[in-house]
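So the chains spell out like this:
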Amino acid sequence: EDGIRDVERSRGLVDVYKRQDIETDIWGLALLETVDHVVQNHQYDHEIFDLAVAFLAQMDDHPELVQLIYIRFLLALTKTLGYRIGVDNCARCQRKLTAAIYDPENAQLICCECGKYFPPESRLNERELAFLKNRKDVNADSSIRKSRLVNILIHYLSYHLDIRLKLKSLQILPEISI
């Protein structure tokens, strides 16, 4: 009986607290959790903390874009750490990339010719690649699989930092059903 009351109480809380607010908070927590994993022994790193503060402010100003802002944060973080992902040329043959395949074994983007043996779902389309290139003219539309980009960038960061970056905050997202 207490369990039922707890569920009813939490449902009422969720009704008051909009889904978008919850998602915004979860993506903000993911950003903070990423910083926590990246910063060694909780040492002060002003560049990373300043980056986090700036991106959290963007999330606060644009809650409808939190997932895209988190992707931009991951891109900025990898660049700050000296591990900027190569988005211009194939990591194997150096051909200019127009579309790409993420090679998780080596944590790199390769052209479709070099990655022809990878399954089709590992391919990034032209708009996704343009988004990763940080082109300002690329809007977030349905052709950009945001969760795919998040997964790639988290894997990429984990690979280069040699840590398992499993974010508990992002595991909550599929559990939200209103």
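Per-chain numbering applies: the sequence of each chain, read as written, is numbered from 1 onward. Only residues with pLDDT of 70 or above have their local features reported here, since the model is predicted, and side-chain atom pairs are shown and tallied only from 80 upward, although totals for entire chains, interfaces and linings are computed over all residues. Based on all heavy atoms of the structure, the side-chain values leave hydrogens and waters out of the count.

**Thoughts on the environment of Arg84**
So, step 1. We count a stretch as a helix when DSSP gives it H or I for four or more residues in a row; a strand needs E for two or more, and each element gets its number in order from the N terminus. Take Arg84: it is sitting in the loop between α4 (66-80) and β1 (100-103).
So, step 2. Relative accessible area serves as the criterion here: at 48%, Arg84 is assigned to the partly exposed category.
So, step 3. Linking Arg84 and Tyr156, residues 72 residues apart in sequence, is a C-alpha distance of 9.7 Å.
So, step 4. Residues count as neighbours in contact if any of their non-hydrogen atoms are within 4.5 Å of one another. Here Arg84 is in contact with Thr78, Lys79 and Tyr156, once residues within four sequence places are set aside. Burial classification: accessible surface area is computed with a 1.4 Å probe over protein chains only, and a residue below 20% of its type maximum counts as buried, one above 50% as exposed, and the rest as partly exposed.

**What about the sheet that holds strand β3 (residues 123-124)?**
Within a beta sheet, neighbouring strands are joined by backbone hydrogen bonds and run either parallel or antiparallel to one another.
So, step 1. Pairing between strands is defined by DSSP: at least two bridges between them are needed. Reading across from one edge, β2-β1-β3 is the order of the three strands in this open sheet, with antiparallel pairing throughout. Each edge of the sheet is formed by a strand with only one pairing partner; in this case those strands are β2 (108-110) and β3.
So, step 2. Bridging between β1 and β2 involves three bridges; their strand directions are antiparallel. Its bridge partner lying in β2, Tyr102 is registered against Leu109.
So, step 3. The strands that helix α6 (residues 146-161) touches are β1 and β3; relative to β1, the one it contacts most, it runs at about 45°. Simply put, an axis is a line fit to the C-alpha atoms, just over the touching stretch for a helix, and the angle between two N-to-C directions goes from 0 to 180 degrees.

**Looking at the nonpolar core**
So, step 1. Nonpolar cores are built from buried Ala, Val, Leu, Ile, Met, Phe, Trp, Tyr and Cys residues. Side-chain atoms within 4.5 Å join them into one set. Counting 50 residues, the largest nonpolar core has Trp27, Tyr70, Phe73, Leu109 and Leu170 as the members making the most contacts within it.
So, step 2. Looking at this core, the elements that each hand over two or more residues are α2 (19-38), α3 (46-61), α4, β1, β2, α5 (126-132) and α6.
So, step 3. Looking at this core, the element that brings in the most residues is α4, giving ten residues.
So, step 4. The contacts of Phe73, once residues within four sequence positions are left out, are Leu31, Thr34, Val35, Leu51, Ala52 and Phe55.

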